[in-house]
Amino acid sequence: MKPLSLLLAVALGLATAASVGPAALECWFVEDLGGGVLEKRPAALLLRQGPGTPPPRPDLDPKLYLGVDDPAGALLAALRRLPQGAPAPLCEMSRFVPLPAPASWARRLSSEQSCPRALDGAWLMVSVTSPVLSLSSLLRSQPEPEPEPVLITMATVVLTVLTHTPAPRIRLGQDAVLDLSFAYMPPTPEPAASLAPGPPPFGLEWRRQHLGKGHLLLAATPGLDGQMPAAREGAVAFAAWDDDEPWGPWTGNGTFWLSAVRPFQEGTYLATVHLPYLQGQVALQLAVHKPPEVSVTPAPLVWAAPGEAPPELLCLMSHFYPPEGLEVEWELQGGPEGGFQKAKGERWVSALHHHSDGSVSLSGHFQPPPLTAEHHGARYACRVRHPSLPTSEHRAVVTVEVAGLSGPSLEDGVGLFLSAFLLLGLIKVLSGLLPS
């Protein structure tokens, strides 16, 4: 095979391997035994298999070894986007009971208070989290495992709620867009005569939890009439089905938008999609940040005579957020010891100053020791570290000049030239006045 063809084949092979996603996903089945006791048992989702029978898992309860059928494809498509070689996502599984939505504004989604017989059976809620996604899927499993040779329980994905931004970091004052999508496949095997064609009505709910308090920010039931809670903080959501196929599957959008975020708006955001008797929820952790503006005064030069201390240096770190995680260090480049070293001298920091936009400012003070001739041309640097800085640190520098050791500067040269020019002119004038 020619080298170019070989490289192309390898590239295509890598792309295929990166797009198929994991064949199986290890999970934990979590069950509440009452009295505050939780039991965790190992479980697994078989997402795809090769020809022949599924791989045996004698270490698992057959009811917790699930062969997954995903008609809408949202669960499998999300897992295919996991970076190749990344750690496996966290997967938890629990029992789910179909019930009408508890919120009063969402009760119009369910025509009956009791769950219809079409939703009878065993239901499981699967939650998958990783740095690049957070999703929840409702699975309807068969009552009993498949017979031997491999004991496995088949399960069908009915609803998947997904975000690809589970931990958004938004700069202070900028807009926050929290993406949310969902996919639904009716659990009935055939279209019921009592059901109208097209996607069903749904409800969308966005809440924020921060410092132990929860707030409903937005609720919507597109296509349904009735009184709805008013949106708070100017929140907007793009709540709609993306298609109108008669019998599904359907995909929808519930992306959330906040303008000009402030520090009080960070926290855990819970996005819930309500369908008649079914719900799916994901959590997003929103963090607000702003890097500090760093400057040193006096700058760019400080002067002192040998044996005298230069003036106090002030490192101002202004308008940053969050207040935590800021580190200030003073360094000396050059001087008697040469190279970079921790600067010797007194240092202290001021109290935080809070601004109206939620950001804070802080000043670091440094009093250098008396100078020697070896300090001439050395540089004092204020080095600042903060989680919001893209390169982890920022530096501001001031140069030390020792009096009596500096050569003539550009300003000195200009002054000497002007003085000589004026002196020459004066000489010419005086020579003209003298008798010849």
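As the structure is a prediction and not an experimental result, all values here were calculated from the model.

A. Summary view of the overall build of the protein. Along the backbone of the protein there are three helices and 26 strands. For the protein, the proportion of its 436 residues judged to be buried stands at 38%. In the protein, of all internal contacts separated by at least 6 residues, the share reaching a separation of at least 24 is 63%. Of the accessible surface of the protein, which amounts to about 23,600 Å², a share of 61% is contributed by carbon and sulfur atoms.

B. Focus on the confidence of the model for the protein. On average, residues of the protein carry a pLDDT of 85, and 85% of them reach 70 or more. Below a pLDDT of 50 lies the segment residues 1-18, which in the model reaches five contacts outside its immediate sequence neighbourhood of four places, other chains included.

C. How the structure looks around the pairing of strand S17 (residues 293-297). What you see with S17 is a clean split: Val294 and Val296 sit on the buried side and Glu293, Ser295 and Thr297 on the side with no burial. Inspection of the sheet shows S17 paired to strand S19 (residues 313-320) by five bridges, in the antiparallel sense. In the sheet register, Ser295 faces S19, and the bridge partner there is Leu316.

D. The arrangement of the sheet that holds strand S12 (residues 213-220) in detail. With mixed pairing, five strands are arranged side by side in an open sheet as S8-S16-S15-S11-S12. The strands lining the two open edges of the sheet, one partner per strand, are strand S8 (169-171) and S12. Across the sheet, the mean angle from the axis of one strand to that of its neighbour is 25 degrees, orientation sign disregarded.

E. Main features of the nonpolar core. Membership of the largest hydrophobic core comes to 39 residues, with the highest contact counts inside it found for Leu180, Tyr184, Phe202, Trp206, Phe256, Tyr269 and Leu278. Tallying contributions element by element places strand S16 (residues 278-289) first for this core, with five residues.

F. Quick peek at the state of the cysteines. Overall, the coordinates contain two disulfides when judged by the stated rule. Here Cys27 is linked by a disulfide to Cys91, with a sulfur-sulfur distance of 2.0 Å. Because the sign of the S-S torsion sets the handedness, a value of about 75 degrees for the bond joining Cys27 and Cys91 places this disulfide among the right-handed ones. Of this pair, Cys27 sits in strand S1 (residues 24-34) while Cys91 sits in strand S4 (residues 90-95), and the two are 64 residues apart along the sequence. When sorted by exposure, Cys27 lands in the same class as Cys91, which is buried. Covalent S-S linkage joins Cys315 and Cys382, the inter-sulfur distance amounting to 2.0 Å. The disulfide joining Cys315 to Cys382 has a torsion of about -75 degrees about its S-S bond and is therefore left-handed. Taken together, the residues Cys315 in strand S19 and Cys382 in strand S25 (residues 379-385) connect sequence positions 67 residues apart. Looking at Cys382, the relative accessible area reads 0%, which means it is buried. Indicated for the protein is the disulfide connectivity 1-2, 3-4, based on numbering the bonded cysteines in sequence order.

G. Looking closely at the pattern of salt bridges. As enumerated under the stated definition, the model contains 13 salt bridges in all. Between Arg57 and Asp59 there is a salt bridge, and its shortest N-O distance comes to 3.1 Å. With relative accessibility at 22%, the residue Arg57 sits in the partly exposed group. Within the structure, one salt-bridge network assembled from shared partners comprises Glu327, Glu329, Glu331, Arg383, Arg385 and Arg395.

H. Just the sheet that holds strand S20 (residues 327-333), in detail. Sheet architecture is open: five strands sit in the order S18-S26-S25-S20-S21, paired in mixed fashion. The sheet terminates laterally at strand S18 (301-304) and strand S21 (340-342), the two strands that pair on one side only. In this sheet, neighbouring strand axes are inclined to one another by 30 degrees on average, regardless of whether the strands run parallel or antiparallel. Bridge analysis of S18 against strand S26 (residues 393-402) gives four bridges, and the strand direction is parallel. Pairing of Ala304 across the sheet is with Val402, part of S26.

I. Representation of the pairing of S25 within the structure. Of all seven residues in S25, five are buried, a share of seventy percent or more. As paired strands, S20 and S25 are joined by seven bridges and run antiparallel to one another. In the sheet register, Trp330 faces S25, and the bridge partner there is Cys382. For S25 and S26, the ladder comprises seven bridges, and the chain directions are antiparallel. Along S26, the bridge assignment pairs Tyr380 with Val398.

Rules and cut-offs
Residues numbered from 1 in each chain as written. Predicted model: local features only at pLDDT ≥ 70, side-chain atom pairs only at ≥ 80, totals over all residues. Heavy atoms only, no water. Helix = DSSP H or I, 4+ residues; strand = E, 2+ residues; numbered from the N terminus. Buried < 20%, exposed > 50% of the residue type's maximum accessible area, 1.4 Å probe, protein only. Contact = heavy atoms within 4.5 Å. Areas by Shrake-Rupley, 256 points an atom, 1.4 Å probe, with all protein chains shown as cover. pLDDT = per-residue confidence, 0-100. Pairing = 2+ DSSP bridges. Axes fitted to C-alpha atoms, helices over the stretch in contact; angles between N-to-C directions. Core = buried A, V, L, I, M, F, W, Y, C linked by side-chain atoms within 4.5 Å. Disulfide = S-S within 2.5 Å. Salt bridge = Lys/Arg side-chain N within 4 Å of Asp/Glu carboxyl O.

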